[in-house]
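# An overview of the molecular structure
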Amino acid sequence: MNAVNLLDFDLDGLTVFCEQLGEKRFRATQLFRWIHQKGATDFDQMSDLAKSLRSKLKGVATLQDLSVISEHVSSDGTIKWLFDVGAGNAVESVYIPESDRGTLCVSSQAGCAVGCRFCSTGHQGFSRNLTTGEIVAQLWHAEYALRKRLGTTERVISNVVMMGMGEPLQNYSALVPALKVMLDDHGYGLSRRRVTVSTSGVVPMIERLQNDCPVALAVSLHAPNDALRDELVPLNRKYPIDELLTACQAYLTAAPRDFITFEYCMLDGVNDTDEHARQLIALVKGRINCKFNLIPFNPFPASGLLRSNNERVQAFARILVDAGIVTTVRKTRGDDIDAACGQLAGEVQDRTRAAARMLRQPVAVKVALPKPGERHRSAP
Ligand code: SAH
Ligand code: SF4
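Since this is a predicted model, take the numbers as computed values, not measurements.

Moving on, we come to the overall build of the protein chain. Helix and strand counts for the protein chain come out as 12 helices and 14 strands. Here the protein chain, with 380 residues, has 55% of them falling under the buried criterion. Looking at the protein chain alone, contacts between residues at least 24 apart form 67% of all its contacts between residues at least 6 apart.

Let us look at the site of ligand 1. The environment of ligand 1 is made up of 20 residues, and the closest members are F118, S198, S220, H222 and N298. Between ligand 1 and S220 there is a distance of 2.6 Å, counted from an oxygen atom to a side-chain nitrogen or oxygen. Measuring from a nitrogen atom of ligand 1, one finds a backbone N or O atom of N298 at 2.9 Å. Within the complex, 96% of the 530 Å² of free accessible area of ligand 1 lies under protein. Applying the majority rule of atoms within 2 Å of the grid points places ligand 1 in the largest cavity. When its residues are assigned to classes, the shell around ligand 1 shows nine nonpolar, nine polar and two charged.

Before going further, it helps to spend a moment on the environment of T15. For T15, the location among the structural elements is in helix α1 (residues 11-20). Considered as a pair, T15 and T29 are 14 residues apart in the sequence and their alpha carbons are 7.6 Å apart. Those residues in contact with T15 that sit more than four places away from it in its chain are R25 and A28.

Time to look at the pairing of strand β5 (residues 90-98). Of all nine residues that make up β5, seven are buried, and the element is covered over most of its length. Here strand β4 (residues 79-84) runs beside β5; their pairing, made up of six bridges, is antiparallel. Paired with I79 across the strands is Y95, a residue of β5. Here β4 folds back onto β5 in antiparallel fashion, the turn holding five residues, of which G86 has a positive phi close to 85°. Hairpin connection between β5 and strand β6 (residues 101-105): a loop of two residues separates the two successive antiparallel strands.

Turning next to helix α7 (residues 203-212). Residues of α7 that are buried include every one of V203, M205, I206, L209 and Q210, and no others. Viewed along the axis of α7, the buried residues span an arc of 160°, placing them on a single side of the element. Taken together, the buried residues of α7 touch α6 (172-183), β10 (195-199), β11 (216-220) and α9 (241-251).

Moving on, we get to the sheet that holds strand β13 (residues 290-296). If you walk across this open sheet you meet the 10 strands as β3-β4-β5-β6-β9-β10-β11-β12-β13-β14, and the pairing is mixed. Whereas interior strands pair on both sides, the edge strands pair on one side only; in this sheet they are β3 (67-73) and β14 (326-329). Averaged over all pairs of adjacent strands, the angle between their axes in this sheet comes to 20°, without regard to strand direction. Across seven bridges, the pairing between strand β12 (residues 260-266) and β13 is parallel. Bridging across to β13, T261 finds its partner in K291.

Right, let's talk about the pattern of salt bridges for a bit. Counted by the stated rule, this structure contains 14 salt bridges. The partner of E98 in a salt bridge is R101, with the nearest N and O atoms 4.0 Å apart. On the basis of relative accessibility, which here comes to 30%, the residue E98 falls in the partly exposed class. In this structure, the salt-bridge partner of R128 is E134, at a minimum N-O distance of 2.8 Å. When its relative accessible area of 26% is taken as the criterion, R128 is described as partly exposed. Through salt bridges with shared partners, a single network forms among E98, D100 and R101.

To continue, consider the packing of aromatic side chains. This model, assessed by the stated rule, comprises four aromatic pairs. Positioned above the aromatic ring of F259 is the side chain of K291, whose terminal nitrogen or guanidinium carbon lies 4.1 Å from the ring centre.

The phi torsion at A87 lies on the positive side, around 55°, for a residue other than glycine. Mapped onto the fold, A87 is located in the loop between β4 and β5. Not every positive phi belongs to a glycine, and H222 is a case in point at roughly 70°. With respect to the secondary-structure elements, H222 resides in the loop between β11 and α8 (226-232). Assessed through its relative accessible area of 5%, H222 is described here as buried.

All told, the structure shown has zero disulfides when counted by the stated rule. The thiol of C248 is unpaired, and the distance to the nearest cysteine sulfur, on C290, comes to 9.1 Å. Residue classification places C248 among the buried positions, given a relative accessible area of 0%.

Moving on, we get to the packing of helix α5 (residues 132-150) against α6. Relative orientation of the contacting elements α5 and α6 amounts to 35°, with a least axis distance of 8 Å. Considering how the two elements wind past one another, α5 and α6 form a crossing that is right-handed. For the pair formed by α5 and α6, the contact residues are T132, I135, V136 and L139 on the first element and S173, A174, L175, P177, A178, V181 and M182 on the second. Residue composition of the contact of α5 with α6, by class: nine nonpolar, two polar and no charged.

Calculation notes
Residues numbered from 1 in each chain as written. Chains lettered and ligands numbered in written order. Predicted model: local features only at pLDDT ≥ 70, side-chain atom pairs only at ≥ 80, totals over all residues. Heavy atoms only, no water. Helix = DSSP H or I, 4+ residues; strand = E, 2+ residues; numbered from the N terminus. Buried < 20%, exposed > 50% of the residue type's maximum accessible area, 1.4 Å probe, protein only. Contact = heavy atoms within 4.5 Å. Near = heavy atom within 4 Å. Polar contact = N/O pair within 3.5 Å; in protein donor to acceptor, adjacent residues only side chain to side chain. Areas by Shrake-Rupley, 256 points an atom, 1.4 Å probe, with all protein chains shown as cover. 1 Å grid on protein atoms, 1.4 Å probe; cavity = no way out; pocket = protein on both sides within 12 Å on 5 of 7 lines; lining within 4 Å. Sits in = over half its atoms within 2 Å of the grid points. Nonpolar A, V, L, I, M, F, W, Y, C, P; charged D, E, K, R; others polar. Pairing = 2+ DSSP bridges. Arc of directions from axis to C-beta. Axes fitted to C-alpha atoms, helices over the stretch in contact; angles between N-to-C directions. Salt bridge = Lys/Arg side-chain N within 4 Å of Asp/Glu carboxyl O. Phe/Tyr/Trp six-rings, centres within 6.5 Å; stacked < 30°, edge-to-face > 60°. Lys NZ or Arg CZ within 6 Å of the ring centre and 35° of its normal. Disulfide = S-S within 2.5 Å. Left-handed = near helix turned anticlockwise from the far one by under 90°.

Worth remembering: the numbers are spatial, not functional.
Written as structure tokens, this is what we have:
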């Protein structure tokens, strides 16, 4: 019999597992706390569990950490881990320290099938869904590596954003138990407001998340009309903007926050004009309580897209703010170690040939192509 990875279980799942071993339910809670609150990597460390249970567990269960390919520390304190998930696939997690919080950006898939034009992961195509254990292990690994590094027994990671590689709502069945581990008071005890799922707009799964595990929701909008969004976020052809906004409105009835965050990647000459900003206002004003988070595009080779310059981003933000919409511009963190949004490439065995497909279908909207040798990582 293959050993079961205990990181695959939320507390309910672990309780069922313990009962199958003939153990009382409260043993599951003890075990769960050892794993997630104390970072135990070995059953022998679990001193308040009976020796007989520990040896039973050794026979049937493991705690499967991810193997680290590399760990990079940015000059701004951002840390990026590259994890091997087998068969030539690697995924990334990024820790972003701020004065009042520590955020971990977590991956949900090796690659991504959505294929957004401006996203490095999208260009790699899709390889496979991560398991619950692989999603949880990113947090488990990072939290205990950070505690060790900082010499503390206190919690370091206060926020999780599902904004790494992959579309979390296309890996729903693995995602939800992982979120429950993050939220559980016997697990990481994170508040629902501090766990954010970011989605490119998988409408039916937004509806399910609302019932199964409402956490903060960020929606990658990136365009104010269907024609443009169809080009940038191909999933829009299946779930157009109007359906997406209706799902967002419904989500707010259960969400831990009273607004949806719309992410908007600022692409020079593509989606960043004053007219685009006005269209956005017309779309959301009076319909949905939201905030906008403008993300200056982080270029990567082969995207063929440019970052909007800072003046353009500020002017765009100003139009939204003047219309009464709270708007922030995301600070780029960790770009000296390629840890910024959309630069998470990991390494994926592309079984969908996404990059080749994208090359055959150039973006139909006006796109400013970089001049040879031009780099736009640090726009003025
Ligand atoms: N698949 C999910 C979550 C991962 S991407 C989603 O799309 O929402 C996290 C955020 O980074 C998304 O808003 C995504 O659109 C944005 N992003 C992707 N590539 C980017 C790039 N090259 N520059 C800036 N932001 C990017
Ligand atoms: Fe996938 Fe999100 Fe990248 Fe789009 S932006 S390709 S949904 S990871």
